[in-house]
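As a plain string of letters, each chain reads:
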Amino acid sequence: MTSGGFGPSLEAPLAMGYVTTEHAAAGSAVNVVVRGKALPAKTAKMPFVPNGYKR
């Protein structure tokens, strides 16, 4: 993980990190280790939440 925290827009925790190529597709199941405990997660395409502004 390179960065992580709580995402108020998603109302859930989120993080960015590096994965191997075979797990890079959006929706791939991965495990992340948080404080020594493996937790299930899935990859997502960025941005996590579509922007809501107009240009």
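Computed from a predicted structure; not experimentally measured.

Draft legend 1. Highlighting the pairing of strand β1 (residues 3-7). Pairing of β1 with strand β2 (residues 12-16) involves five bridges; the strand directions are antiparallel. Residue Ser3 lies in a different strand from β2, and its bridge partner there is Met16. Between β1 and β2, which pair antiparallel one after the other, the connecting turn spans four residues, and Glu11 there sits at a positive phi close to 55°.

Draft legend 2. How the structure looks around unusual backbone geometry. Residues other than glycine seldom take positive phi values, yet Glu11 does so here, at roughly 55°. Locating Glu11 in the fold gives a position in the loop between β1 and β2. Exposure remark for Glu11: the relative accessible area of 66% places this residue in the exposed category. Its identity as a non-glycine residue notwithstanding, Arg35 has a phi of 50°, on the positive side.

Draft legend 3. Here's a closer look at the environment of Val49. Inspection of the secondary structure puts Val49 in the segment after β4 (37-42). For Val49, a relative accessible area of 36% gives the class partly exposed. Taking C-alpha positions, Val49 is 13 Å from Pro13, a pair spaced 36 residues apart along the chain.

Draft legend 4. The confidence of the model for the chain, seen in detail. Taken residue by residue, the chain gives an average pLDDT of 86. The fraction at 70 or more is 100%. Within the chain, β2 has the poorest average pLDDT of any element, 86, and β4 the best, 91.

Draft legend 5. Structural view of the side chain of Thr43. Within the element layout of this structure, Thr43 appears in the segment after β4. Setting aside anything within four residues of it in sequence, one finds Thr43 in contact with His23, Ala24, Ala25, Ala26, Gly27, Ser28 and Val30.

Draft legend 6. Main features of the side chain of Ser28. Checked against the element boundaries, Ser28 lands in the loop between β2 and β3 (29-34). There is a polar contact of 3.5 Å between the side chain of Ser28 and the backbone oxygen of His23. With near-sequence residues (within four places) excluded, Ser28 lies in contact with Glu22, His23, Ala41, Lys42 and Thr43.

Cut-off values and rules
Residues numbered from 1 in each chain as written. Predicted model: local features only at pLDDT ≥ 70, side-chain atom pairs only at ≥ 80, totals over all residues. Heavy atoms only, no water. Pairing = 2+ DSSP bridges. Helix = DSSP H or I, 4+ residues; strand = E, 2+ residues; numbered from the N terminus. Buried < 20%, exposed > 50% of the residue type's maximum accessible area, 1.4 Å probe, protein only. pLDDT = per-residue confidence, 0-100. Contact = heavy atoms within 4.5 Å. Polar contact = N/O pair within 3.5 Å; in protein donor to acceptor, adjacent residues only side chain to side chain.

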